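# Structural description and commentary
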Amino acid sequence: MTASLEQPRQAPPVGRALRILLGLALIAYAVPVYFQVPMRIAVGSCLLVLGLIGVYSLIHIAVSRRMVAFGPCLGAIVANGFLVALYFAGASGLPILGHGKGQLAALTFLGVSLVVAGMRAAPGCEVMAIPGLLFGKHTELACIIFSPLDRLERKLRSKRNV
């Protein structure tokens, strides 16, 4: 019974393609902005992306070593909530996150994470794909958008194979 609750080892082909396409679209949207904004905002956004990699690496460690008792769904909400909070903080006038730095960093990080998740066929939470790449294993968090689509694709494929 626990096997049905665990994340599968790989995302199915359509889910992988959707992750890559959405990631590339976000990157294509964000990259020109780096050349249009002042240098301090572009550099600040890049530093925030590095900070996001660090924060999500800590989340990865906490979840994979069972230091935090998140279920897969609650963990995904917390992980994605952090990225959403950074995006909205970027619209403020805050010194570190504001003036668009947080928004640009969130879009860049999400775009790269989606491409990494699609290329690695990582199931689950796409924002955990970069730490998963760094640590060599997938994080057991569900994805709010792609996990239901992956389940549907697996179900349709299993019916077709019967």
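Residues numbered from 1 in each chain as written. Predicted model: local features only at pLDDT ≥ 70, side-chain atom pairs only at ≥ 80, totals over all residues. Heavy atoms only, no water.

## As for the overall build of the chain
Note the following rule: Numbering of helices and strands starts at the N terminus; helices are DSSP runs of H or I of at least 4 residues and strands are runs of E of at least 2. Values of the radius of gyration come from C-alpha atoms, whereas the globule rule sets the reference at 2.2 Å times the count of residues to the power 0.38. Each residue gets one of three labels from its accessible area relative to the maximum for its type: buried under 20%, exposed over 50%, partly exposed in between, using a 1.4 Å probe on protein chains only. Between two residues, a contact is recorded if the distance between any of their heavy atoms is within 4.5 Å. For accessible areas, the Shrake-Rupley method is used with a probe of radius 1.4 Å. Any residue's cover is judged against the shown protein chains and nothing else. Counted as positive: Lys and Arg. Counted as negative: Asp and Glu. His and the chain ends are not counted at all. Charge positions come from single atoms, namely NZ of Lys, CZ of Arg, CG of Asp or CD of Glu.
Secondary structure summary: the chain contains six helices and zero strands in total. In the chain, the succession of helices and strands from N to C terminus is α-α-α-α-α-α. Its C-alpha atoms give the chain a radius of gyration of 17 Å, near enough to 15 Å, the size a compact globule of 162 residues would have. A buried classification covers 41% of the 162 residues belonging to the chain. By sequence separation, contacts in the chain at least 24 residues apart represent 66% of the contacts at least 6 residues apart. A total accessible area of about 9300 Å² is found for the chain, and carbon and sulfur atoms account for 71% of it. Separation between the mean location of the 15 positive side-chain charges and that of the 5 negative ones in the chain comes to 3 Å.

## Thoughts on the nonpolar core
Convention followed: Throughout this description, the term nonpolar core refers to a set of buried Ala, Val, Leu, Ile, Met, Phe, Trp, Tyr and Cys residues connected via side-chain atoms within 4.5 Å.
Residues Tyr56, Leu83, Phe109 and Val127 are the most contacted members of the largest nonpolar core, which totals 25 residues. Among the elements that make up this core, the one with the highest residue count is helix H2 (residues 39-64) (seven residues). Sequence-distant contacts of Leu83, that is, excluding residues within four places in its chain, are made with Leu52, Tyr56, Ala106, Phe109, Leu110 and Val127. Core analysis: the second largest hydrophobic core is formed by five residues, Leu26, Leu107, Cys143 and Phe146 among them.

## Looking at the packing of H2 against helix H4 (residues 101-120)
In plain terms, the rule: Angular values range over 0 to 180 degrees, each being the angle between N-to-C directions of two axes fitted as lines to C-alpha atoms, with helices fitted over their stretch in contact. What sets the label is the angle itself: under 35 degrees gives roughly parallel, over 145 gives roughly antiparallel, 65 to 115 gives roughly perpendicular, and the rest give oblique. Crossing handedness is defined as follows: a turn of the near helix away from the far one that is anticlockwise and smaller than a right angle gives a left-handed crossing, while the clockwise case is right-handed. Following the grouping adopted for this structure description, the nonpolar residues are Ala, Val, Leu, Ile, Met, Phe, Trp, Tyr, Cys and Pro, the charged ones are Asp, Glu, Lys and Arg, and the polar ones are all others, Gly among them.
Interaxial distance between H2 and H4 falls to 8 Å at its minimum, and their mutual angle equals 55°. Between H2 and H4, the angle falls in the class oblique. Our pair here, H2 against H4, has a crossing hand that is right-handed. Together, Arg40, Ile41, Gly44, Ser45, Leu48, Val49, Leu52, Ile53 and Tyr56 of H2 and Lys101, Gly102, Leu104, Ala105, Thr108 and Phe109 of H4 make up the contact between the two elements. For the contact of H2 with H4, the class distribution of residues is nine nonpolar, four polar and two charged.

## Brief notes about the state of the cysteines
Note the following rule: Note on disulfides: each one is a pair of cysteine sulfur atoms within 2.5 Å.
In the structure shown here, the tally under the stated rule is zero disulfides. For Cys125, which is in no disulfide, the shortest distance to another cysteine sulfur is to Cys143 and amounts to 6.1 Å.

## Thoughts on the environment of His138
Its location among the elements puts His138 in the loop between helix H5 (129-135) and helix H6 (146-161). Owing to a relative accessible area of 27%, His138 belongs among the partly exposed residues under this scheme. Distance from His138 to Ala62, taken between C-alpha atoms, is 13 Å for residues 76 residues apart in sequence. The contact partners of His138, leaving out residues within four places of it in the chain, are Arg9, His60, Arg120, Ala122 and Pro123.

## As for the packing of helix H1 (residues 13-36) against H4
Relative orientation and spacing of two packed helices are given, respectively, by the angle between their axes and the distance between those axes. It is the contact of H1 with H4, at a shortest axis distance of 7 Å, that shows an interaxial angle of 150°. Relative to H4, the element H1 is oriented roughly antiparallel. Of the two elements, H1 crosses H4, and the hand of that crossing is left-handed. Note on element contacts: H4 touches H1 through Leu104, Leu107, Thr108, Leu110, Gly111, Val112, Leu114, Val115, Ala117, Gly118 and Met119, opposite Arg16, Arg19, Ile20, Leu22, Gly23, Leu24, Leu26, Ile27, Tyr29, Ala30, Val33 and Tyr34. Of the residues belonging to the contact of H1 with H4, the class tally is 17 nonpolar, four polar and two charged.

## So, the environment of Arg151
Within the secondary structure, Arg151 is located in helix H6. As a C-alpha pair, Arg151 and Pro12 span 139 residues in sequence and 8.9 Å in three-dimensional space.

Structural measurements only, silent on function.
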